[in-house]
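Overview (structure and organization)
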Amino acid sequence: MAMEFHQLRIFEAVVRHRTVTDAAVALDHAPSSVSAQIRALERSLGVPLFERTPTGMRPTGAGERLLVWARRLLAQAEQARAEVAGRSRQVRLGALETIAATYVPRVLARLAERRPGVEVEVRPSVSRADLLADVIAGRLEAALVLDTGEALGDLGFPTPPEPLTFLDVDEVPLALVAAPRHPLAGRAGLTPADLAEERLLVNAPNCSFLMAADRVVGPGPERVWTGGVPVMRAWAEQGLGVALLPEFAVASARDAGTLTRLDLPAPALSLRLVWRGDQEDVPGLRDVLYAACA
């Protein structure tokens, strides 16, 4: 029995979602159909591809080896389809929402000047984990995330299940800000101890700015869960707490006098471009990489 492309797509979906049911929902298939195709694929290869565990379907050694080939073959098939049909291949670039609104437009402008024929589909996301999973699975060619350190995840994020290539393309300075009337405004040489009784405005648990704040101000301040960067900034302007945010997100408010920077040192984050090293030959990807690094 031949190994077929639709079986590879189903196999990749089960690896990604970890259960037959979730993979079936994502593919709009019946779970019984997904199970049947996995069994057929295992029979055609003569090896088991999954171990059934309490936490879901886990690829065997053979399954891990097939996963590399499956993703490569599926990406090449999509590339072949686009070229034969005479349509340009879109480079799918994921980015955290804050980055998509501020940094990505500059990348697109440089790309339009350098390679006007390259099309980019930008996919904003609030989840770093989803962006990396999409790059690994080939649903994105590259993604822009925030991090720090020498390895992907050094800010405190879980390490991706598969190695990814990355490059730091810019520095993102951070500022601890508050309303101008805040008691600590204008006070020099603050330390984390000075903030122990403050309210720290934060976003989601896996937010880059929250992880950075954990390092900068320590565990003392009360965490007040708000929303995204615009909400954190607005609440800080109203005196509802302090917030550690990127400089680019608060510069206009500081210029307008609705926010002030507190004198507590905060190391910058790195804007990190992430992609799969084995996919660098995808048409247009190198051009996007160059535009992001310019």
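Everything that follows concerns the structure shown earlier in this document.
Here's what I pulled together on the structure shown here.

Each value, and the rule that gives it
Residues numbered from 1 in each chain as written. Predicted model: local features only at pLDDT ≥ 70, side-chain atom pairs only at ≥ 80, totals over all residues. Heavy atoms only, no water. Core = buried A, V, L, I, M, F, W, Y, C linked by side-chain atoms within 4.5 Å. Buried < 20%, exposed > 50% of the residue type's maximum accessible area, 1.4 Å probe, protein only. Contact = heavy atoms within 4.5 Å. Helix = DSSP H or I, 4+ residues; strand = E, 2+ residues; numbered from the N terminus. Arc of directions from axis to C-beta.

**Section: the nonpolar core**
- Counting residues in hydrophobic clusters, the biggest one holds 72 residues, and the most contacted among them are Ile99, Leu144 and Leu273.
- Contact partners of Leu144, with chain neighbours within four places excluded, come to Leu93, Gly94, Ala95, Leu96, Ile99, Tyr103, Val104, Leu131, Val169, Leu271, Arg272 and Leu273.
- Within the second largest apolar cluster, 20 residues are counted, among which are Val20, Ala24, Val34 and Leu41.

**Some details on the side chain of Ser208**
- Locating Ser208 in the fold gives a position in helix α8 (residues 208-217).
- When sequence neighbours within four positions are dropped, the list of residues in contact with Ser208 reads Leu96, Leu146, Leu155, Phe157 and Leu269.

**Some remarks on helix α6 (residues 104-114)**
- Buried within α6 are the following residues: Val104, Val107 and Leu111. All buried residues of α6 fall inside an arc of 55° around its axis, so they share one side.
- For α6, the elements touching its buried residues are β3 (90-96), α5 (97-102), β4 (119-125), β5 (142-147) and α11 (285-293).

**Let's talk about unusual backbone geometry**
- In the Ramachandran plot, Arg18 falls in the positive-phi region, its phi being about 75° despite a non-glycine side chain.
- Here Arg18 shows up in the loop between α1 (5-17) and α2 (20-27).
- With phi around 60°, Asp28 is a residue other than glycine that occupies positive phi space.
- Along the chain, Asp28 turns up in the loop between α2 and α3 (31-45).
- With relative accessibility at 70%, the residue Asp28 sits in the exposed group.

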